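# Tertiary structure, described
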Amino acid sequence: MNSYTILKKVSQKDLDDLNHVNNVIYVEWIQQISKEHWQAVSKKLASGFIWVVRRHDITYYDSAKLNDEIIITTNIKTNKGPISFREVEMANNKTGKVLVKSITEWCLLHSQTLKPIRVPDTIKNLFLDS
């Protein structure tokens, strides 16, 4: 499961004072899809791991407005040591126009020690296309 996709419909509570989706909502969506993707693939894996955000790099290209349907797709670009680089793209489902792109660095922690651990091959392999 290299990529994972969800669909969001913009509601009134997602909007800021300019009637655009608030940037905090985009961050929430990035975290939501990342968590859902992990949960979808990690069912095959014993517990013992926690992911924490190290860094978000977000580029905003256009704004989403009330009732827009947003298609959100994520995938793992690469891993280096304990860091996994996750890409998220959000686009208007009707026009296909890209609204937001992000790269988030997630750090893998051991659930007992809360210390960073190298992303093992067993986890890397979960995100490969079968």
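Below: a short report on this structure. (Residues numbered from 1 in each chain as written. Predicted model: local features only at pLDDT ≥ 70, side-chain atom pairs only at ≥ 80, totals over all residues. Heavy atoms only, no water.)

Attention now goes to the pairing of strand E5 (residues 98-110). Across 11 bridges, strand E2 (residues 49-60) lies against E5 in antiparallel orientation. Its bridge partner being in E5, Trp-51 is matched across the sheet by Leu-108. Where strand E4 (residues 83-92) meets E5, 9 bridges bridge the pair, whose relative direction is antiparallel. Within E5, the residue paired with Val-88 across the bridge is Ser-102. Adjacent in sequence and paired antiparallel, E4 and E5 are bridged by 5 residues, among which Gly-96 carries a positive phi angle near 80 degrees. (Pairing = 2+ DSSP bridges. Helix = DSSP H or I, 4+ residues; strand = E, 2+ residues; numbered from the N terminus.)

Centre distance and the angle of the planes are the two values used to describe a pair of aromatic rings. Per the counting criterion, the structure on display carries 4 aromatic pairs. Between Tyr-26 and Tyr-60 the ring centres are 5.7 Å apart and the planes differ by 55 degrees, which places this aromatic pair in the tilted class. Pair noted here: Tyr-26 is in helix H1 (residues 23-42) and Tyr-60 is in strand E2, with a separation of 34 residues, a long-range link. Owing to a relative accessible area of 3%, Tyr-26 belongs among the buried residues under this scheme. Tyr-60 gets classed as partly exposed once you look at its relative accessible area, which sits at 39%. A ring pair is formed by Trp-38 and Trp-51, whose centres lie 5.7 Å apart and whose planes are at 80 degrees; its orientation type is edge-to-face. Taken together, the residues span a long stretch of sequence, with Trp-38 in helix H1 and Trp-51 in strand E2 at a distance of 13 residues. Comparing Trp-38 with Trp-51 shows no difference in burial state: the two are buried. Ring pairing ties together the aromatic residues Tyr-26, Trp-29 and Tyr-60, which thus form one cluster. (Phe/Tyr/Trp six-rings, centres within 6.5 Å; stacked < 30°, edge-to-face > 60°. Buried < 20%, exposed > 50% of the residue type's maximum accessible area, 1.4 Å probe, protein only.)

Let us look at the nonpolar core. Ranked by size, the top nonpolar core spans 17 residues in total, and within it Val-21, Trp-29, Ile-70, Ile-72 and Met-90 carry the most contacts. For this core, the secondary structure elements donating two or more residues are strand E1 (3-9), H1, strand E3 (69-80), E4 and E5. Per-element tally for this core: the top contributor is H1, with 5 residues. Aside from chain neighbours lying at most four places away, what touches Val-21 is Val-10, Asp-14, Leu-15, Asp-16, Tyr-26, Trp-29 and Ala-64. (Core = buried A, V, L, I, M, F, W, Y, C linked by side-chain atoms within 4.5 Å. Contact = heavy atoms within 4.5 Å.)

This part is about H1. Across its 20 residues, H1 extends 29 Å between first and last C-alpha, which sits within 8% of the 28 Å expected from 1.5 Å per residue. Regarding H1, the residues found buried are Ile-25, Tyr-26, Trp-29, Ile-30, Ile-33, Ser-34, His-37, Trp-38, Val-41 and Ser-42. Looking at the packing, one finds that the buried side of H1 touches E1, E2, E3, E4, E5 and helix H2 (121-124). (Expected span 1.5 Å × (residues − 1).)

Our next topic: the sheet that holds E5. Consider a sheet: its strands pair through backbone hydrogen bonds, and that pairing is either parallel or antiparallel. Taken in spatial order, the 5 strands line up as E1-E3-E4-E5-E2 in an open sheet, and their pairing is antiparallel. With one partner strand each, in any of the chains shown, E1 and E2 form the two edges of the open sheet. This sheet shows a mean twist of 25 degrees between the axes of neighbouring strands, independent of strand direction. On the sheet, H1 packs against E1, E2, E3, E4 and E5 and is oriented at approximately 140 degrees with respect to E1. (Axes fitted to C-alpha atoms, helices over the stretch in contact; angles between N-to-C directions.)

Let us now look at unusual backbone geometry. Of note, Asn-19 is a non-glycine position whose phi angle comes to about 65 degrees, a positive value. Judged by relative accessible area, which is 45%, Asn-19 ranks as partly exposed.

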